[in-house]
Amino acid sequence: EQDVYAGGTDGTQVRAALKTAAMFNWRVMGTDIRTAFLNAKRRDETKLVAMTIPAVFRKLNLAKDNDVWLVEMALYGLTTSPKDWGICRDTTLPQLSWKRINDEGVEVKGHFEKMQDDNLWRLIEVGPDQRRWCGLLCVYVDDLLFCGEEPVLNKALLAVEATWSCA
């Protein structure tokens, strides 16, 4: 009954992205967002979720035996957490941006733009006289595969790393 699915790019999309990267002589980079679920709020705050405190916290006297925690964020093991993280990720990515000086010495501003498929994003850069597609981002839950021009990828990855801890 609940919407708990967090999809990811499939093998066909990855192959197409890598083929595109090869055709344009782009670079490819990948990263993983560490503890991604813990960055996302739970969607349904009307239902309380409680859990017993892990034993290590009780042993260190950081919690009492009868204490419980109320879960406010997505948590590994909750069935709703993948979808909670997917929503968090997909609402955060379009807000990320970067600036750089391109090869012509012009400042451009870049951002992520979602394509029709939920798991594929374009890396777009906008300058005074142009809007240019210069890379792709394939998403699989918390794994990111960047394909694009190297200076663009470096800035895009830094924008992601400034928001989430990455491997």
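Residues numbered from 1 in each chain as written. Predicted model: local features only at pLDDT ≥ 70, side-chain atom pairs only at ≥ 80, totals over all residues. Heavy atoms only, no water.

Undergrad: So what's going on with the overall build of the protein? Residues and values would help.
TA: Regarding its fold elements, the protein presents four helices and eight strands. The order of α-helices and β-strands along the protein, N terminus first, is α-β-β-α-β-α-β-β-β-β-β-α. Radius of gyration (C-alpha) of the protein: 19 Å, far over the 15 Å computed for a compact globule of 167 residues. Considered along the principal axes of its C-alpha atoms, the protein spans approximately 65 × 35 × 25 Å. The buried share of the protein, taken over its 167 residues, is 38%. For the protein, long-range pairs separated by at least 24 residues make up 58% of all intrachain contacts whose partners lie at least 6 apart in sequence. Counting only carbon and sulfur atoms, one obtains 53% of the accessible surface of the protein, whose full area is about 10100 Å². A gap of 2 Å separates the mean positions of the 21 positive and 24 negative side-chain charges of the protein. (Helix = DSSP H or I, 4+ residues; strand = E, 2+ residues; numbered from the N terminus. Rg over C-alpha atoms; globule rule 2.2 N^0.38 Å. Buried < 20%, exposed > 50% of the residue type's maximum accessible area, 1.4 Å probe, protein only. Contact = heavy atoms within 4.5 Å. Areas by Shrake-Rupley, 256 points an atom, 1.4 Å probe, with all protein chains shown as cover. Lys, Arg positive; Asp, Glu negative; His and termini not counted. Charge placed at Lys NZ, Arg CZ, Asp CG, Glu CD.)

Undergrad: If you had to explain the packing of aromatic side chains to someone new, which residues and values would you point to?
TA: Scanning the model with the defined rule gives eight aromatic pairs in all. Relative to Trp133, the ring of Phe24 has its centre 5.8 Å away and its plane inclined at 90°; by these criteria the two rings are edge-to-face. Residue Phe24 is located in the loop between α1 (11–23) and β1 (27–32), and its partner Trp133 is located in strand β7 (residues 131–140); the two are separated by 109 residues in the primary sequence. Using a relative accessible area of 45% as the deciding quantity, one classes Phe24 as partly exposed. Take Trp133: its relative accessible area is 31%, and that puts it in the partly exposed class. With 4.4 Å between their ring centres and 15° between their planes, Phe37 and Tyr76 make a pair best called stacked. Taken together, the residues Phe37 in the loop between β1 and β2 (50–52) and Tyr76 in the loop between β3 (68–70) and α3 (81–92) connect sequence positions 39 residues apart. (Phe/Tyr/Trp six-rings, centres within 6.5 Å; stacked < 30°, edge-to-face > 60°.)

Undergrad: An account of the nonpolar core is needed here, citing residue identities and associated values.
TA: Counting residues in each nonpolar core, the largest one holds 28 residues, and the members touching the most others are Trp85, Leu93, Phe112, Leu123, Leu137, Phe146 and Val160. At the level of elements, α3, β6 (120–126), β7, β8 (143–148) and α4 (150–161) are the ones that each hand at least two residues to this core. A per-element tally of this core places α4 first, with six residues. Residue contacts for Phe146: discarding those within four places in its chain leaves Arg27, Val28, Met29, Thr31, Phe112, Leu123, Leu136, Leu137, Leu153, Ala156, Leu157 and Val160. Formed by seven residues, the second largest nonpolar core is a distinct cluster that contains Ala17, Trp26, Leu136 and Cys147. (Core = buried A, V, L, I, M, F, W, Y, C linked by side-chain atoms within 4.5 Å.)

Functional significance is not addressed by these values, which are geometric in nature.
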